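Descriptive analysis of the structure
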Amino acid sequence: MFNNFFILRHDFIFLLRNTCSKKSIKFRSLFTQTCSITDLTENSSNDVPKKPSRKLSKTYDPSIVEQGWYDWWEYKGFFGSNNMDENFKESVKYFTMLSPPPNITGNLHIGHALTLSIQDAIVRWYRMSGYRVLWIPGTDHAGIGTQSVVERQLYKIKNLTRHDLGRENFINEVWKWRELHGNRIIEQMKRLGASLDWKNLYFTMDPPRSHAVTNAFVKLFNDEMVYRDTRLVNWCCALGTAISDIEVDYETIPKQTFLKIPGHKESIEFGVLHKFAYPVADTSSSLSELVVATTRIETILGDCAVAIHPDDPRYKSLHNKEVIHPLLNKRIPIVCDAELVDMQFATGVVKVTPGHDINDYACARRHQLPILNILNKDGTLNENCGIADLINKNRFEVRKDIINRLQSLGYYRGKDVNHEMRIAKCSRSGDIIEPLLQPQWYIKCKDMQLRALQDIENGKMQVQPSYHVEEWNRWLGNIQDWCISRQLWWGHPIPAYNLTYEGQESDEGLWFAATSLLEAEQFVKKYFQQNNIALQTNYVLKQDEDVLDTWFSSALLPLSSLNWKGDQNIPENYPTTMIETGFDILFFWVARMTMLCTYFSGEPPFKRILLHAMVRDAQGRKMSKSLGNVIDPLNVIEGVTLKEMHQTIHNSNLSKHEIEKSIKLLSREYPEGIKACGTDTLRFGLINYTQQTRQINLNISYITSVLHFCNKLWNLFKFSNDRFSSLNHITHIKETISCNSFLESKSDLTLIDRYILSRLSNTVTKCQLGFEKFELFESTKAVKDYIVEDLCGVYLEFIKPILYDNSENIDKKVQKTTLKVLEICLDTSLRLLHPFMPFITEELWQSLVERCDNNVKLGTPESIMLSRYPKVADFENQKDCTVENDMKTILSVIHAARSLRQSNNIPLGQPLPFIIWSDDRDLLDDQGPIKKYFQDIRKFIKASEIRVIDDKLQDVSVKTLLTDSA
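Residues numbered from 1 in each chain as written. Predicted model: local features only at pLDDT ≥ 70, side-chain atom pairs only at ≥ 80, totals over all residues. Heavy atoms only, no water.

This is how the line gets drawn: UniProt positions are given in the numbering used here, feature names are shortened, and annotations may be inferred rather than shown by experiment.
An unreviewed UniProt entry lists the chain under the name valine--tRNA ligase, from Gigaspora rosea. Of the comments in the UniProt record for the chain, the one headed Sequence similarities (unreviewed entry) reads "Belongs to the class-I aminoacyl-tRNA synthetase family." As recorded by UniProt, the Catalytic activity (unreviewed entry) comment attached to the chain reads in full: "tRNA(Val) + L-valine + ATP = L-valyl-tRNA(Val) + AMP + diphosphate".

**Digging into the sheet that holds strand S16 (residues 349–352)**
We apply this condition: When DSSP finds two or more bridges between two strands, those strands count as paired. Only DSSP runs of H or I with at least four residues qualify as helices, and only runs of E with at least two residues qualify as strands; both kinds are numbered from the N terminus onward. Here the axes come from fitting lines to C-alpha atoms, over the contacting stretch only for helices, and the angles between their N-to-C directions go from 0 to 180 degrees.
As summarised here, the arrangement of the four strands in space is S14-S15-S13-S16, forming an open sheet in which the pairing is mixed. The strands lining the two open edges of the sheet, one partner per strand, are strand S14 (322–324) and S16. For this sheet, the mean inter-axis angle between neighbouring strands, taken without regard to orientation, is 30 degrees. Both S14 and strand S15 (residues 331–336) contribute to a ladder of three bridges, which runs antiparallel. Along S15, the bridge assignment pairs Val323 with Ile332.

**Digging into the sheet that holds strand S23 (residues 496–501)**
Here is the rule we go by: In what follows, a contact means two residues having at least one pair of non-hydrogen atoms within 4.5 Å.
With respect to topology, three strands assemble into an open sheet ordered S24-S23-S25, the strand pairing being antiparallel. Of all strands in the sheet, those bounded by a partner on one side alone are strand S24 (510–513) and strand S25 (539–543). Adjacent strand axes in the sheet meet at a mean angle of 25 degrees when their direction is disregarded. As paired elements, S23 and S25 share five bridges and run antiparallel to each other. When the bridges of S25 are listed, Thr500 appears paired with Val540. In the packing of helix H9 (residues 207–222) onto the sheet, contacts are made with S23 and S24, and the angle to S24 comes to roughly 130 degrees.

**Quick notes on helix H24 (residues 751–772)**
We apply this condition: Working rule for helices: expected span equals 1.5 Å times residues minus one. Partly exposed describes any residue whose relative accessible area lies between the buried limit of under 20% and the exposed limit of over 50%, with all areas from a 1.4 Å probe on protein chains only and scaled to the type maximum.
The end-to-end C-alpha separation of H24 is 32 Å, in line with the 32 Å expected for 22 residues at 1.5 Å each. The buried count for H24 comes to 17 of 22 residues, which makes it a mostly enclosed element. Once H24 ends, the next one or two residues include Phe774, with phi positive near 60 degrees.

**Notes on the side chain of Asp546**
Convention followed: The charged-residue count follows a simple rule in which Lys and Arg add positive charge and Asp and Glu add negative charge, with His and chain termini not counted at all. Salt bridge, as applied in this entry: a Lys or Arg side-chain nitrogen positioned within 4 Å of an Asp or Glu carboxyl oxygen.
Looking at the secondary structure, you find Asp546 in the loop between S25 and strand S26 (547–548). It is Arg228 that comes nearest to the buried, bridge-free Asp546 among opposite-charge side chains, at 5.0 Å. Setting aside residues no more than four positions away along its own chain, Asp546 makes contact with Gln440, Ser485, Arg486, Gln487, Pro493 and Ile494.

**Topic: the pattern of salt bridges**
Applying the stated rule across the entire model yields 47 salt bridges. We note a salt bridge from Arg191 to Glu66, for which the minimum N-O separation is 3.5 Å. Taken together, the positions of Arg191 in helix H8 (residues 184–191) and Glu66 in the loop between helix H2 (62–65) and helix H3 (69–76) put the pair 125 residues apart, joining distant regions of the chain. Both residues of the pair, Arg191 and Glu66, belong to the buried class. In this structure, the salt-bridge partner of Arg759 is Asp790, at a minimum N-O distance of 3.2 Å.

Here it is, written out as structure tokens:
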């Protein structure tokens, strides 16, 4: 009897999805000029940036959409803290955040893009939520990096070294370079839409910051928080300076490998373990020699002892004995050290070279051994090496000589060529790091680190994600005093002056910290008076030639960026609201900011520490130039061909092997190059990736897929604007948005209207919650799902017949209400989306504003970024779970009906009889959705007849609960 019916089961559910065709986009390069700080704060052109005004193009083209808006926003001052409308000022709230300053030598990389995308989204949300926002931009002088770049350029162009020029002239060259190139990355930050307050732009070596740094050091010195000591440091011989841990790259060498090292024509051998013997001095011992092994055979000349484990039975007879140095023919002690020696490794004997190994240095301190430095600062051997022929020869070049000497004396025991080792390389120069004894300045960290731990424990600061607290506690709990001096020319000169005078008892002299030479001379005079030294005594006062670690000035930025002078007057906007950055600099920067700024101000520098994961390639590998997997954000924004990517690799300073490796990888990963996606697409995609909290494995194909979402959004507004024009709809875009004031009566709403507004209420709640929890990926997912699935996938499909019907039978009131609801959905969606996609949302929002009545426009903000972010309270009365559940049932019926038509090749417009067959009594109840919306269902599925049947009835004949015939 059912041969003429199509049977629909309620669990047969399909989702409606609209698809967009892929568009080929060619992006024009923008923002290529460089500028100085004054260029950034003033419009250097005579042309005043005008507000972009253009009709929506047929297809979405980010190269057009993203033109003009940023210049106009900046010119209008929308990024500043005083841009709020008067109505916003009823209860002023403040949000202050420091943006991590990029190096002036840098180009924008994908890590910068992620950081700026997250920060700008947060900033725009706070701004739209009524806060006075101060997002502080700046650039870092990057001591080592900048000096290295200028030195290379100087040698390449003029064949000169910095020593040829002299310090003062070289520093002048660096300032010239900075003026020409130092703000290139600023323009790239603007390209990403970062709404930073450029009027507050700083440079870490500008006068206000330099003044703060000098005063801070002097206070630390006077408080006895800074001291000078000779210790082992990470030394880069190529650069001639100590470097921080973050500037050290570690590489594992699995076996014998020859590497190209800067300054050496021949490749240097690594991954081998040399073995040689120390003859035992006591001839009565049963052991005649001790065999040791080392990967750095040249350091034998700095050996001060050999160590054994006190519990090793093999060497019990050698406790308190000596061995004879095989090359220097001097006696050195055998020490027992359980911390240094592993009995199970090799022979259980370790050579001790305290001047060139951190573990040996600690051993020497425990046993009061002499600490001998055999290297000059350039990596050549000095007179302490004990062999005149080797003095001033490079540490790597003497290896063969030392091996030959050991062999001729009969003490060399061969080498293991399959020894896995880990080498430390300078990230700037590529040179091998040498632990080297050098006098340096240190900050005492103990008291400051205790306060930093307490402030996290008592809730004065919060770390998010919270699992980083364990890492914070572990690092600060084991912190060593901080080495803050660097042997560079470019940087903040250390304001310390060394005094030597006639008749002085100490050869090292005395140190004074002062803001100037004149002030230091006053301190000398006072010192002479206090110590009964004649004021006519001849003396020499010389400023330390070293500069401060770049991280020192960066650690003061929460204060100095607010124009703190290094005194007791703490800026009004301190502490800042939060800091957001990658977790890789949690300790190098965030912890040091916390320690120093808390010390000077008494309060931690921020209330919240928000950390994001590190970006790696799709395979989870660290991005590296040598691997060829580094992604340039501008290539994603503007697009790039494979040929252009290959050319970039060829123009780099990589070795031939690395170039070949990179070319091969690029050809495999990007055979068609990278498609132009635009800034909005990149930002949205990167933020959506932050749900990967440990590390982000970035797949460019996912980023490009976000472009389809932009196309769908664009087509949504093209359709809507077309209908608004055809039906003469006047929009009412105001500062705030609320369903309560917009809709006259809820009774005028159809089922589909109530459904889409309920879904909108749910989306507003999710977006707000995502921002409040700083889990932005929840917000991006919520707004995207709403636009794609609810607004485009459902609502548009239902209202098209209403908006396209021009017949006299159409209910004009329903049509008018539908237009209002559509406007609310569009306006609200753009506001929810704006923090993530500033350009496309501004372009589309302005198309809505243009349709406003002139009187309404007077109260409309100039830009969407100045409008109010949707509030949960203004939409919560639209939430209707019953309507949503009922609509789900109706949608399942509709999708099932369409599926049956499709599978049977029956046109959608042809009326057909249907049976709805279900065993769910709630659906079939008189108040259930089937009966309640029976006529709507019949209309939606174009049914000539519908029968509803209860599958649970036991009657032999099927009982029809409800029948309707057209």
